[in-house]
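Chain and residue survey
Residue-level listing of the chains:
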Amino acid sequence: MGERKNGLVIAIDGPSGAGKSTVTSRLAKRLGYKQIDTGAMYRAVAWLISQTGIDPGDEAQLERFCGDVDVRFNCVNGTRRVLANGLDVTDHIRTPEMSLMTSRISALRPVREAMVRSQRFMGRNGGVVLEGRDIGTVVFPDAELKFFLSASAEERGRRRFAELIAKGEQVTLEETIAAVVQRDHQDSQRDLAPLRQAEDAIPIDSSGMGVDEVLDMMESIFREKINRTGTEE
Ligand code: DC
């Protein structure tokens, strides 16, 4: 530890709807760290594939596409944007259809290899909070701090439902919970980098907890770590 010049690598993994995005962006702000939403990267790739007519079953074609794919984050007027091959895809990648498609696309080896390579590069100097499914197990197994954030499927479905309704999507609570369960299954049963808690990750069950409560807990664990190791001033 201590070789990363900008600070620690913090991994926040867990199933969809556990509150990772909110917690990651607020934790990064509190600590003055960068944030990397790796789910948004997989969504951006899935969107590109859906738009360009690439056949995800054609390994050679997919391999070529992934060799050149470029996903990055940008900040415009204080809002975070996701750029895929130069296109701003932020407003297209969070529909229920894209969620399901991303879950399938993110199971493909060429896609994962390209994204993991890019995530390691973006996080190499530390001072970064990465959220995803495999950050603590595959992308940065040597991350200095790992959290596994979960909540019951019901609670996660309810949160997702509220978000979708606020965006004007026509969905029911039952189908939203069913979609959460289906995605959990796809994400944890796949062969490559399945959703799994790293052995050295700190589990946090956010059911019934407020965001601030989760953040305070994470921040105090972070401070304790820094004080113990003296990694940062
Ligand atoms: O976190 P999210 O819901 O935006 O993620 C979208 C999909 O991408 C989800 O089905 C799992 C997948 N994903 C992944 O396989 N590995 C990651 N590190 C992040 C997301």
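Structure's up top.
Below, the structure is looked at part by part. (Residues numbered from 1 in each chain as written. Predicted model: local features only at pLDDT ≥ 70, side-chain atom pairs only at ≥ 80, totals over all residues. Heavy atoms only, no water.)

**Concerning the nonpolar core**
Burial of nonpolar side chains together is a common tendency in soluble globular proteins. Formed by 36 residues in total, the largest nonpolar core has its most connected members in Val45, Ile49, Phe65, Val69, Val71 and Met115. Contributing elements (two or more residues each) for this core: strand 1 (9-13), helix 2 (38-52), helix 3 (59-68), strand 4 (79-84), helix 4 (96-105), helix 5 (109-123), strand 6 (128-132) and helix 6 (135-139). With nine residues, the top contributor of residues to this core is helix 2. With 20 residues, the next largest nonpolar core counts Val23, Val129, Leu145 and Phe147 among its residues. (Core = buried A, V, L, I, M, F, W, Y, C linked by side-chain atoms within 4.5 Å. Buried < 20%, exposed > 50% of the residue type's maximum accessible area, 1.4 Å probe, protein only. Helix = DSSP H or I, 4+ residues; strand = E, 2+ residues; numbered from the N terminus.)

**Quick word on the sheet that holds strand 4**
Strand pairing in a sheet takes place through backbone hydrogen bonds and is either antiparallel or parallel in direction. The strand order 3-4-5 describes an open sheet built from three strands, whose pairing is antiparallel. Every interior strand has two partners, whereas the edge strands, strand 3 (71-76) and strand 5 (87-88), have only one. Pairing geometry for strand 3 and strand 4, over six bridges, is antiparallel. Following the sheet pairing, Arg72 is matched in strand 4 by Leu83. Across the face of the sheet, helix 2 comes into contact with strand 3, strand 4 and strand 5 while running at roughly 110 degrees to strand 3. (Pairing = 2+ DSSP bridges. Contact = heavy atoms within 4.5 Å. Axes fitted to C-alpha atoms, helices over the stretch in contact; angles between N-to-C directions.)

**A word on helix 7 (residues 153-166)**
With 14 residues, helix 7 extends 20 Å between its outermost C-alpha atoms, agreeing within 8% with the 20 Å of an ideal straight helix rising 1.5 Å per residue. Every buried residue of helix 7 is listed here: Glu155, Arg156, Gly157 and Leu164. Next to the buried residues of helix 7 lie helix 4 and helix 8 (173-189). Following helix 7 by one or two positions, Gly168 has its phi on the positive side, about 85 degrees. (Expected span 1.5 Å × (residues − 1).)

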